[in-house]
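Inside the fold
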Amino acid sequence: MIESRRGSDSESSYIASLFEAGPKAIAQKVGEEAVETVIATVDDNAEALKEEAADLLFHLMVSLEAKELKLADVSEALREGTYNDLGELTPHDTFNVARASSPVESGAGRG
């Protein structure tokens, strides 16, 4: 759906309007939806989390399409990821989750 709407009229298609606005605007929407997803997670609101996660995934898919990537490319990157000694997938950008709760340790207090 995203690929087929990319070249549509931006007056009638939200997807086309995102592409017309360019990569910075698409990235901004991904960021906004990511923050809203985080808030829904912290608020322990499962329904809001479901809706915000859907919005985040949608805008992420638009971002991928802008770079001519597909979810299959992301799946491949996950399959090629590294695994810890428990057999769990370790993200490419690993950090200690326990330390992330500290603003100083996570870098949030740096500026």
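Provided above is the structure to which this section pertains.
Here goes a summary of the coordinates provided. (Residues numbered from 1 in each chain as written. Predicted model: local features only at pLDDT ≥ 70, side-chain atom pairs only at ≥ 80, totals over all residues. Heavy atoms only, no water.)

For the pair helix α3 (residues 23-42) and helix α4 (residues 46-66), the least separation of the axes is 8 Å and the interaxial angle reads 160°. Judged on the interaxial angle alone, α4 and α3 are roughly antiparallel. For the pair α3 and α4, the crossing hand works out as left-handed. Here α3 contributes Ile 26, Lys 29, Val 30, Glu 33, Ala 34, Glu 36, Thr 37, Ala 40 and Thr 41 to the contact with α4, which in turn contributes Ala 48, Leu 49, Glu 52, Ala 53, Asp 55, Leu 56, His 59, Leu 60, Val 62, Ser 63 and Ala 66. (Axes fitted to C-alpha atoms, helices over the stretch in contact; angles between N-to-C directions. Helix = DSSP H or I, 4+ residues; strand = E, 2+ residues; numbered from the N terminus. Parallel < 35°, antiparallel > 145°, perpendicular 65-115°, else oblique. Left-handed = near helix turned anticlockwise from the far one by under 90°. Contact = heavy atoms within 4.5 Å.)

In this section: the packing of helix α2 (residues 14-21) against α3. Running from amino to carboxyl end, α2 crosses α3 at an angle of 120°, the nearest separation of the two axes being 5 Å. Between α2 and α3, the crossing angle belongs to the class labelled oblique. Facing α2, whose interface residues are Tyr 14, Leu 18, Phe 19 and Ala 21, α3 presents Ala 25, Ile 26 and Lys 29. The residue inventory of the contact of α2 with α3, partitioned by class, reads six nonpolar, no polar and one charged. (Nonpolar A, V, L, I, M, F, W, Y, C, P; charged D, E, K, R; others polar.)

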